[in-house]
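# Architecture and fold: a report
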Amino acid sequence: METGEQSAGPGGSNGPGLRFGCASFNQDSTSLALGTKTGYKLFSLTMVEKLDCIHESEAPDIYIVERLFSSSLVVVVSTSMPQRMNIYHFKKGTEICNYSYPNNILAVKLNRQRLVVCLEESIYIHNIKDMKLLKTLLNTPSNPTGLCALSISHSNSYLAYPGSATIGEIIVYDANNLNTLTMIPAHDSPLAALTFNASATKLASASERGTVIRVFSVPEGLRLFEFRRGMKRYVNISSLSFSPDGQFLCASSNTETVHIFKLEQLGPSGGEEAATWTAYVGKMFSAASSYFPAQVSGMMSQDRAFATVHLLTSGQRNICTLAIIQKLPRLLVATADGQLFIYNVDPLDGGECMLAHKHRLFGVDDDQCEEAESEGSEVTGPAQACPSYAATAALPASGPITATLTGYSEDGGAKKGEVIPEHEFAAGPVCLDDENEFPPINWCRDGTGGGQARRS
């Protein structure tokens, strides 16, 4: 499940008086990251009534912060250096590495295999295990918002990004095998939001008009579902997110309403159709669609929201996600004024979702960060600066040359300065489900490591 993100961007702003520059849920919606004017914060999302700040770090004007699942790997980009990506091991208080790019970084996406950096007209794909640059997609269509989505599936590591600057074409790229899978003609107007489900078998999209949300099969690109968010006005959809089981899709925008759609086929062939009013109306519209022009019949056959949430304010960017917290389905909405709303979702009847709890991300809850920091693991020493590419290239040719970084391990198995050998990597996906685990970083000096992103 690819979650949404809001970002002020380099030199940008999300509105007057805003205290943070970005907000993002991690890949499995177990934590929330905030980038602020003074640093970034990480919150745990395992409880409804309690919001624990598990880490807080000082850095100026953060506009991108992404955490890799529940690991200690965090990617940070600041408006003070918008062309440089810093990767930290936040529990050890160390910088793992940094990379610089020719233009401002607009988005960073992570999964267990790949790290993707999106610029306005190029995309860089790194191997998450050693941070080597694997592929550079040059001259991609102008993408000023850095819109892209990266699936979290190990077997299907897919990347989706705009294939056109003028219409809603989607390029689906295989980030594991480094080749293009398909192009999906999704919308008539440019894209505004993209997300994969957890298994990377479905891709949801919305355009800048914000009236229609479509779901496609991956990698075939067949249109499976079409949901109408509204007909009265165009809106800016800021995030899309599938539920963990892929049965629901939520969408938030600059309006006061958050929509949840249910991915179900009404009246499947060969089966008994549910005797509900929705199914009945859908059947009648389907039967009558042949008598109407194509545009009208298409609109009438589109499903409405299964469940909704009405926020108290509108006109601001919100991000939403669907998660299981304390064994129940929840809708989480982080608003641009610094609040997190947690709603209960009825998976059977839908309707208006009930507010379970509201948290302020700033103010009275700030003290929790200080307490969590004092109780957390000790910092083993000052942050080790990763050598820049220029510094690495300037090393003398004679004598032993190495740009290999320390192998980091939370379990204490690797001593400071000791490199974790290649054979210790698991044959399958790197296990990152526990916050105490982290993939070791092992670099070789081949021109791609050391800090400078190079084009391949």
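This structure is a prediction, so every number in the text was calculated from the model and none was measured. (Residues numbered from 1 in each chain as written. Predicted model: local features only at pLDDT ≥ 70, side-chain atom pairs only at ≥ 80, totals over all residues. Heavy atoms only, no water.)

### What to know about empty space enclosed by the protein
For the coordinates displayed, the defined rule picks out two cavities of 30 Å³ or more. Counted as a void, the second largest cavity has a volume near 40 Å³. (1 Å grid on protein atoms, 1.4 Å probe; cavity = no way out; pocket = protein on both sides within 12 Å on 5 of 7 lines; lining within 4 Å. Points joined across faces, edges and corners; volume = space filled by probe spheres on them.)

### A short note on the pairing of strand β7 (residues 73-78)
Extensive coverage of β7 is indicated by the burial of six of its six residues. Judged from the five bridges that link them, strand β6 (residues 62-67) and β7 form a sheet pairing that is antiparallel. Following the sheet pairing, I62 is matched in β7 by S78. In this antiparallel pair of consecutive strands, β6 and β7, the connection spans five residues, and F69 shows a positive phi of 50 degrees. Direction of pairing for β7 relative to strand β8 (residues 81-89): antiparallel, over a ladder of five bridges. Opposite V74, over in β8, you have Y88 as the bridge partner. Between β7 and β8, which pair antiparallel one after the other, the connecting turn spans two residues. (Buried < 20%, exposed > 50% of the residue type's maximum accessible area, 1.4 Å probe, protein only. Helix = DSSP H or I, 4+ residues; strand = E, 2+ residues; numbered from the N terminus. Pairing = 2+ DSSP bridges.)

### Observations regarding the nonpolar core
Ranked by internal contacts, the top residues of the largest apolar core, which has 24 residues, are M85, I87, I105, V108, L115 and V117. In contact with M85, other than residues within four places in its own chain, are V75, V76, V77, C97, N98, Y99, Y101, I105, V108, L115 and V117. In terms of nonpolar packing, the next biggest core, distinct from the first, is built from 18 residues, A23, F43, I342 and L361 among them. (Core = buried A, V, L, I, M, F, W, Y, C linked by side-chain atoms within 4.5 Å. Contact = heavy atoms within 4.5 Å.)

### Brief notes about the pattern of salt bridges
Scanning the entire structure with this criterion turns up five salt bridges. Among the salt bridges present, the one from D52 reaches K50, with a minimum N-O distance of 3.7 Å. D130 is the salt-bridge partner of K132, the closest N and O atoms lying 4.0 Å from each other. Residue classification places D130 among the buried positions, given a relative accessible area of 11%. Members of the salt-bridge network, linked through shared partners, are R214, R223 and E226. (Salt bridge = Lys/Arg side-chain N within 4 Å of Asp/Glu carboxyl O.)

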